[in-house]
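# Analysis of the macromolecular model
Chain residues, written in single-letter form:
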Amino acid sequence: MIQYTTSLPADIDWDAVATIFERAPLGSRRRDPNDLQQAFAASYAVVYAYDGETLIGLARALCDGVYQAAIYDVVLLPEYQGKGIGKAIMEHLCRQLPVDNIILYAVPGREGFYARCGFVKMRTAMAVLNPNMARPETGYLDEI
Ligand SMILES: CC(C)(COP(=O)(O)OP(=O)(O)OC[C@H]1O[C@@H](n2cnc3c(N)ncnc32)[C@H](O)[C@@H]1OP(=O)(O)O)[C@@H](O)C(=O)NCCC(=O)NCCS
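Report follows, based on the coordinates. Since this is a predicted model, take the numbers as computed values, not measurements.

A word on the side chain of D73. Mapped onto the fold, D73 is located in strand β4 (residues 68-76). D73 gets classed as buried once you look at its relative accessible area, which sits at 12%. Polar contacts involving the side chain of D73 include one to the side chain of R60, which spans 2.8 Å.

Have a look at this one:
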């Protein structure tokens, strides 16, 4: 049975987390384990999904605790995908956010997953993205 925890396990192996991102995949290059640790530690809400002792997926959200939240880094090992675990991770994450407004941007092709989690497309979302993500072939940006 998959277990979900919402506090940071003390013994987490951030190199293994980087491997989850690499294998999922999420992102075009391997994440730095120290950067991942810093980002998850600085997040308002986190979810870690375990199969026994093995970390298989995770997600995080930023939040001001009053008005707004933003979800990032929803990621699951490929052999666990397509079994409802990603949706359960999203439910555990959203439950921790005491706000009415939650935003995210999907990797192109993942919009349907977030739609199944209750998210709808926004008409006016805009962003400043790093040069790698801003490349036309990533599919993140629209022409204005
Ligand atoms: C995206 C991800 C987290 C989804 O987790 P998952 O466990 O595979 O998804 P689930 O099995 O929980 O799917 C929940 C629902 O979304 C649907 N769904 C999942 N992926 C979908 C997709 N790419 N397009 C459309 N629908 C999708 C499922 O069919 C399911 O529908 P249902 O409620 O009718 O049964 C996971 O596939 C993953 O880690 N992918 C690689 C990393 C990534 O792209 N992360 C997202 C970054 S934005």
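Lining the immediate surroundings of the ligand are 21 residues, of which V74, G82, G84, G86 and R110 lie closest. Take G82: an N or O atom from its main chain is 2.8 Å from an oxygen atom of the ligand. One of the backbone N or O atoms of K83 is found 3.2 Å from an oxygen atom in the ligand. Contact with the protein chains covers 75% of the free accessible surface of the ligand, which is 920 Å². Of all the secondary-structure elements, those providing two or more residues to the shell around the ligand are β4, α3 (85-94) and α4 (111-116). Counting residues per element, the shell around the ligand draws most heavily on α4, at four residues. Here the residues of the shell around the ligand are counted per class, giving eleven nonpolar, six polar and four charged.

Definitions and limits used
- Sequence order as written defines residue numbering, which begins from 1 separately in each chain.
- Residues qualify for local features only when their pLDDT is at least 70, as the model is predicted, and side-chain atom pairs are given and counted only at 80 or more; totals for whole chains, interfaces and linings, by contrast, use all residues.
- Water and hydrogen atoms play no part in the side-chain values, which are based on all heavy atoms of the structure.
- The numbering of helices and of strands both runs from the N terminus, where a helix is a DSSP run of H or I of at least 4 residues and a strand a run of E of at least 2.
- Relative accessible area decides the class of each residue, using a 1.4 Å probe on protein chains only: under 20% of the type maximum gives buried, over 50% gives exposed, and in between gives partly exposed.
- What qualifies as a polar contact is a pair of N or O atoms within 3.5 Å, subject to a donor-acceptor requirement within protein and to the restriction that residues adjacent in sequence count only when both atoms come from side chains.
- Any residue with a heavy atom lying within 4 Å of a molecule or strand is counted as near it.
- Computed with a 1.4 Å probe, the accessible areas rest on the Shrake-Rupley method; for each residue, only the protein chains presented here act as cover.
- Amino acids are sorted into nonpolar (Ala, Val, Leu, Ile, Met, Phe, Trp, Tyr, Cys and Pro), charged (Asp, Glu, Lys and Arg) and polar (every other residue, Gly among them).

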